[in-house]
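Here are the chains, one letter per residue:
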Amino acid sequence: MYTPIFDFVSHYSDSDSLRCHMPGHKGKNCGYPFLSPLFSLDITEIFGADSLFHADGIIAQSEAAASSLFHCAYSCFSTSGSTLGIQTMLALMKLDNRSIIAARNVHRAFINAAALLGLDVFWLFPSASSNLLSADFSTNDAEKLLLLHPNSCIYITSPDYTGKIADIPAFAKLCHKYNAPLIVDNAHGAHLAFFQPSLHPINLGADLCCDSAHKMLPALTGSAYVHTSQKRFAPLIKQNMSLFASTSPSYLSLISLDLCNDYLAFHICDDINHCIPLITQLKDDLSDSLIFADSEPFHITICAALSGFNGLAFAQSLRKLSVECEYADDDIVILLMSPICSDNDFFTLRSALRFTVNTLPHVKPSSQKFSVPVLKTAMSIRDATFSTYETVNVESSVGRICASVDVPCPPAVPIAVSGEIISQESVFIFKKYGINSVNVVK
Ligand SMILES: Cc1ncc(COP(=O)(O)O)c(C=O)c1O
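What counts as what
Residues numbered from 1 in each chain as written. Predicted model: local features only at pLDDT ≥ 70, side-chain atom pairs only at ≥ 80, totals over all residues. Heavy atoms only, no water. Near = heavy atom within 4 Å. Polar contact = N/O pair within 3.5 Å; in protein donor to acceptor, adjacent residues only side chain to side chain. Areas by Shrake-Rupley, 256 points an atom, 1.4 Å probe, with all protein chains shown as cover. Helix = DSSP H or I, 4+ residues; strand = E, 2+ residues; numbered from the N terminus. Nonpolar A, V, L, I, M, F, W, Y, C, P; charged D, E, K, R; others polar. Salt bridge = Lys/Arg side-chain N within 4 Å of Asp/Glu carboxyl O. Buried < 20%, exposed > 50% of the residue type's maximum accessible area, 1.4 Å probe, protein only. Expected span 1.5 Å × (residues − 1). Axes fitted to C-alpha atoms, helices over the stretch in contact; angles between N-to-C directions. Parallel < 35°, antiparallel > 145°, perpendicular 65-115°, else oblique. Left-handed = near helix turned anticlockwise from the far one by under 90°. Contact = heavy atoms within 4.5 Å. Core = buried A, V, L, I, M, F, W, Y, C linked by side-chain atoms within 4.5 Å. Pairing = 2+ DSSP bridges.

Colleague: Just to check I follow, could you spell out the site of the ligand for this structure?
Modeller: The local shell around the ligand holds 13 residues, among which Thr83, Asp185, Ser212, His214 and Lys215 are the closest. Within the backbone of serine 82, a nitrogen or oxygen atom sits 2.8 Å from an oxygen atom of the ligand. At 2.8 Å, a side-chain N or O of histidine 188 approaches an oxygen atom of the ligand. If the ligand stood free it would expose 390 Å²; the protein chains cover 89% of that surface. Per element, the largest residue contribution to the shell around the ligand is four residues, and it comes from helix 4 (residues 81-95). For the shell around the ligand, the residue count by class is three nonpolar, eight polar and two charged.

As structure tokens, this is what we get:
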């Protein structure tokens, strides 16, 4: 496939031109031989290299190729991950003066963007949940919120961190009944466009979505897409993206997105078709000992507690066998695979899982069930985020207003969002997830 960004940059790199332009490494070895091949491809917006936010050359051509591969009306590249994609999509809603009805399992990038943009957010709480990482959301509840807040949009995260997929067609149908855009944080689902049939949100009715190419595709960290099915959003996306982005987007990231087009055009479908039976086989082989969560295939999420194991001990056992997981807590372990994984990778994983279930002591399954507390709001997300705050022990936070949300990865249903009054129930959940202190408004 035509890879215009890679072709241009590699040709420039071979040309040995004297680089009287940024970056300061000048494409040279600089005494770090390990980085030297990267330095030689790491350019800035020189003549012919196009410009991400005013693209009409090689970047525009590569984005057009991506758009056709994902079957979108328009797609554009981000070199600052889905975080920038979320900021961009929400800025478009701000332009439309819309409030946001958001399924509560948002990544913190959403909360930060809502604070920066001063958005009104109305939460769709999970209908059921036994952990913070995954939840079900009902379209009936969403419809009630749409009736209460007519000029809004719906924002959902799908797949979530555990790989669980929401019913996008049902949400799309509901949104379109109320003339509300459907926005999907598809950070974990770029590969879903290449399933047969496609499970990609845009192909299932979403109006806007972002995908982190770097999470599920062979692309460098930070590489992502914003896609839309609506031509009317296309001319607005770059300008709104540039509000939040560096003026020096990484060409290494752009090259990796460009080369990814070739992978998507020629290899990914075969790789997916090859991997899915291997994943099914792996799960079948271990089904006597392990319970797996309902997820898209490449997120292998083990319900450790339900299977009679402590998730952290499980992950530690895998680590000793040179298998590093994406995430673990007491209850679950997430193993993130991708279409480029080899037969040998799945073989190694299956052996490590079998060894672990055979050797790790069982623990009594925890019976601690909880539902995510619906908290009272005292301030807007923006006001609380930018207020003076103090950090207190979670035990002393009851009745105080949550200030800036300071949760480490992973993305999960936030226990409390900026502006909400922390309750006694929140304290129990903070502690369950090892969070001992919280920022509260002074
Ligand atoms: C659900 C979800 N959305 C958004 C993001 C942010 O993506 P990125 O790291 O590409 O900026 C993440 C990152 O972990 C995520 O898990």
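Let us keep going from here.
Colleague: Would you mind going over the pattern of salt bridges with me for this structure?
Modeller: Note that side chains of opposite charge can pair when their charged atoms are close. Tallying each qualifying case throughout the model produces 12 salt bridges. The shortest N-O distance in the salt bridge between aspartate 141 and lysine 144 comes to 3.8 Å. Taken together, the positions of aspartate 141 and lysine 144, both in helix 6 (residues 139-148) and three residues apart, correspond to about one turn of that helix. You can call aspartate 141 partly exposed: its relative accessible area is 27%. Connected through salt bridges with shared partners, the residues Asp96, Arg98 and Arg232 form a single ionic network.

Colleague: Even after reading the chapter, I still don't get helix 4, so can you show me in this structure?
Modeller: Turn by turn, an α-helix covers 3.6 residues, leaving residues three or four places apart pointing in a common direction. Along its 15 residues, helix 4 runs 22 Å from first to last C-alpha, staying within 8% of the 21 Å computed at 1.5 Å per residue. Burial analysis of helix 4 places 12 of its 15 residues in the buried class, the great majority of the element. Listed as buried for helix 4 are Gly81, Ser82, Leu84, Gly85, Ile86, Gln87, Thr88, Met89, Leu90, Ala91, Leu92 and Met93. In the segment just after helix 4, asparagine 97 is the residue with positive phi, at about 65°.

Colleague: Looking at this structure, how should I read the packing of helix 12 (residues 311-320) against helix 13 (residues 343-359)?
Modeller: Angle between the axes and distance between the axes are the two parameters that describe a pair of packed helices. Relative orientation of the contacting elements helix 12 and helix 13 amounts to 130°, with a least axis distance of 9 Å. As the angle between them shows, helix 12 and helix 13 are arranged oblique. The chirality of how helix 12 crosses helix 13 is right-handed. Across the interface between the two elements, Phe314, Ser317 and Leu318 of helix 12 pack against Ala352, Leu353, Thr356 and Val357 of helix 13.

Colleague: Is there a simple way to think about the packing of helix 1 (residues 4-15) against helix 3 (residues 58-69) in this case?
Modeller: Here helix 1 crosses helix 3 at 145°, and the two axes come no closer than 8 Å. Between helix 1, through Pro4, Ile5 and Phe8, and helix 3, the contact on the second element is made entirely by Ile58, Ile59, Gln61 and Ser62. By residue class, the composition of the contact of helix 1 with helix 3 is five nonpolar, two polar and no charged.

Colleague: Honestly, the nonpolar core in this entry has me stumped. Any pointers?
Modeller: Ranked by size, the top nonpolar core spans 142 residues in total, and within it Phe110, Ile154, Leu182, Tyr225, Leu264, Phe314 and Leu353 carry the most contacts. The residues touching tyrosine 225, leaving out its near neighbours within four places in the chain, are Ala66, Phe70, Cys76, Phe77, Cys209, Cys210, Asp211, Ala213, Leu217, Leu257, Cys260 and Leu264.

Colleague: I tried to follow the sheet that holds strand 8 (residues 299-303) on my own but got confused; where do I start?
Modeller: Sheet strands pair via backbone hydrogen bonds, and the direction of the pair is either parallel or antiparallel. The three strands are arranged 8-10-9 in an open sheet whose pairing can be described as antiparallel. Each of the sheet's edge strands pairs with one partner strand only, and the pair in question is strand 8 and strand 9 (327-328). As paired elements, strand 8 and strand 10 (residues 332-336) share five bridges and run antiparallel to each other. Each residue of the ladder has a partner; that of cysteine 303, found in strand 10, is isoleucine 332.

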